[in-house]
Each structure stands twice: as C-alpha cells, then as structure tokens.
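What follows is each chain in one-letter form.
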Amino acid sequence: MYAASREASSRAREALRAALTGSDTVAATTGSELFAVVAVLDDQRSLRVALADKSVSSSARAELAERLFGGKVSGATQTVLTTAVAQDWSRARDLVDTLVLLGREALLRAAEDRGRLTAVEDELFRLGRIVEDNPALEQALTDHGKPAAAKRELVQRLLAGKVEDITLELAQQAVARSKGDVGEAFDQLSDLAASLREQIVAHVRAATALTPQQREQLAASLQRIYDKPVTVHVQEDPTLLAGVVVRVGDDLIDGSAVGRLQRLRQSLS
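Residues numbered from 1 in each chain as written. Predicted model: local features only at pLDDT ≥ 70, side-chain atom pairs only at ≥ 80, totals over all residues. Heavy atoms only, no water.

**Student:** Can you explain helix α7 (residues 117–132)? Please cite residues and give values.
**Tutor:** Here α7 is 16 residues long and its end C-alpha atoms lie 23 Å apart, about the 22 Å a rise of 1.5 Å per residue gives. Those residues of α7 not exposed but buried are Leu-117, Val-120, Glu-121, Glu-123, Leu-124, Phe-125, Leu-127, Gly-128, Arg-129 and Val-131. (Helix = DSSP H or I, 4+ residues; strand = E, 2+ residues; numbered from the N terminus. Expected span 1.5 Å × (residues − 1). Buried < 20%, exposed > 50% of the residue type's maximum accessible area, 1.4 Å probe, protein only.)

Following this line, the structure appears as structure tokens:
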C-alpha cells in the first residue's frame, strides 16, 4: 500500500479495536458482516470505486455507506465501515483488502475471547499443509472456472464438524477470494492469529517428528534469537534426510542434511 492507504488502514483498524467490546458475539458478528460487505464490493466495481473516491468528500462517502448498509449490519460493523470509507485511499482495492483484514481480525478476536485462538491458529496451519500435500484438492480450490460459492461449499463439506466454526468461516472466505496459492493464504491467516497473540511464527520442516521437548527447545532458541515469543509449526519432510529447516518471515535457517550436502558441493565446486 502507498502511504495514504497505510494511514487509512491504520485508522480503520483502530475503529475495529474500539468497536469490539470483548464479547465474542460482537466480534464474530462483525467479522462475518464485514466479509458480507466485501462480497458485495467484490461483485460491484462501481460501488467500491465510489466508496473510495477521494474526489468526493469523506462525509458523502460515509453517508453512502450508511444508505447502503445501514440497518443491514450491526452497529459495530457500520461504525467500522463508515470509518473506513471516510479515509483517503490510494486505490479502491486497498479499501477492500483492509475490510478483509478487519473481518479476519474480528473473527480471530472472537476465537481469542472464547479461548480458542491457539486451536484456530493450529488448524489453519494444518489446512495449509493438507492443501500443499494434495494437488487435486489445491486445483479444485483454485479453479478459476469454478464459482466462489462452489468453493465455499467444498470447504464446508470437507471441514464442517472437524474444525472450529471460526476456522471454517475463515477458510471459506480465503478460498472464495484466493487468486493463487490457497496453502499460502491459510499460512497468512495462521500467522495473523499468532501476531494477535503477540508471537511470531516459525515454519519448520523436520526430517522426523519432533518430540514436545524438542519443540520447546527449538522455540526457546528462536525466542533468544528474535527476542519475542515464537510459535513453532512443524511439518514432517523425510526428503531432508535429517535435521530441520526453519523459516521465520524472510529468514531461512537450513540445518538439514540435504542443506549441509548442498553447501559442501558448493564449497567443492
């Protein structure tokens, strides 16, 4: 985002935090309704352009949002939406992307209020691994010829009753809007959940399953490096032969046997 949109997004997020009262019901409703608003804006380009048109006064944009959605969404959602459209956005798409982020944050806050945020984070990470390991499923979820409703229905059939309700709603929304890597979309959601717990995420590929003690030791080591609590998500990858590969943001720590062999080859070449 350009500077104007970053500032607008920051103010919209402040409005969301103020609107969520600590009730999981308010947070869950706000998240679901923001997703519904996004679905409307995705379908109507002229509307999303009008709501982000800087040549129109902020009060007029806020009034338009009130006319369109007032009485159809809760007071908390309307407050967040009105605040968002009243900001100056560099692009209409930045407004929509921010509303998506706010919807996700609201649902994750609802999970936190229920004491289920860690469970949702873990489920989202595991969904990313399932999609990554199943090319047929990934193709079905990213098929551009398939309508969004069909993708949501597929996710519903696969996950209903097997994951947290909030995990299911987040997964359906992510799949419906994804233009590319669904597994990456799930990872981003998992990372967002961790950030709300003020933790960073370490994505670990291990040649063999790590014991709970090994996980704790790895998390403690990474915490010393990054000076912040670390959530460790582990995926088994026998092709590494031995050791682990750790990714934290853009940082990559390759302690695998394969990685050591590659470095040895490079040193001999």
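Moving on, there is more to tell.
**Student:** Kindly report on the pattern of salt bridges, identifying the contributing residues and their values.
**Tutor:** Inspection of the entire model under this criterion finds 15 salt bridges. The salt bridge partner of Arg-11 is Glu-7, with a shortest N-O separation of 2.9 Å. With a gap of four residues between them, Arg-11 and Glu-7 both fall in helix α1 (residues 3–19), about one helical turn apart. For Arg-11, a relative accessible area of 43% corresponds to the partly exposed category. Overall, the relative accessible area of 40% leaves Glu-7 in the partly exposed class. Among the charged side chains, a salt-bridge network with shared partners connects Asp-42, Arg-93 and Arg-177. (Salt bridge = Lys/Arg side-chain N within 4 Å of Asp/Glu carboxyl O.)

**Student:** Go over the nonpolar core, please, and point to the residues and values.
**Tutor:** Membership of the largest hydrophobic core comes to 61 residues, with the highest contact counts inside it found for Leu-51, Leu-95, Leu-99, Leu-108, Leu-141, Leu-170 and Phe-186. Broken down by element, the residue count for this core peaks at 11 residues, all from helix α6 (residues 92–113). If near-sequence neighbours (up to four positions away) are discounted, Leu-99 is found in contact with Leu-34, Val-37, Val-38, Leu-41, Leu-81 and Ala-84. With 12 residues, the next largest nonpolar core counts Ala-202, Val-204, Leu-210 and Val-246 among its residues. (Core = buried A, V, L, I, M, F, W, Y, C linked by side-chain atoms within 4.5 Å. Contact = heavy atoms within 4.5 Å.)

**Student:** Residue-level account of the side chain of Thr-30, with values.
**Tutor:** Topologically, Thr-30 is positioned in helix α2 (residues 24–43). If sequence neighbours within four positions are ignored, Thr-30 has contacts with Leu-16, Leu-20, Ser-74, Ala-76, Thr-77 and Ala-106.

**Student:** Break down the sheet that holds strand β2 (residues 230–236) for me, citing the residues and quoting the values.
**Tutor:** Here four strands make up an open sheet; going across it, the order is β2-β1-β3-β4 and the pairing mixed. The outermost strands of the open sheet, each flanked by one partner alone, are β2 and β4 (251–254). This sheet shows a mean twist of 20° between the axes of neighbouring strands, independent of strand direction. Relative to strand β3 (residues 244–248), strand β1 (residues 200–206) runs antiparallel, the two sharing four bridges. Across the sheet, Ala-206 pairs through a bridge with Val-244, a residue of β3. Strands in contact with α7 are β1 and β2; relative to β2, the strand with the most contacts, it is inclined by about 30°. This element, helix α12 (residues 212–226), spans β1, β2, β3 and β4 of the sheet and lies at about 130° to β2. (Pairing = 2+ DSSP bridges. Axes fitted to C-alpha atoms, helices over the stretch in contact; angles between N-to-C directions.)

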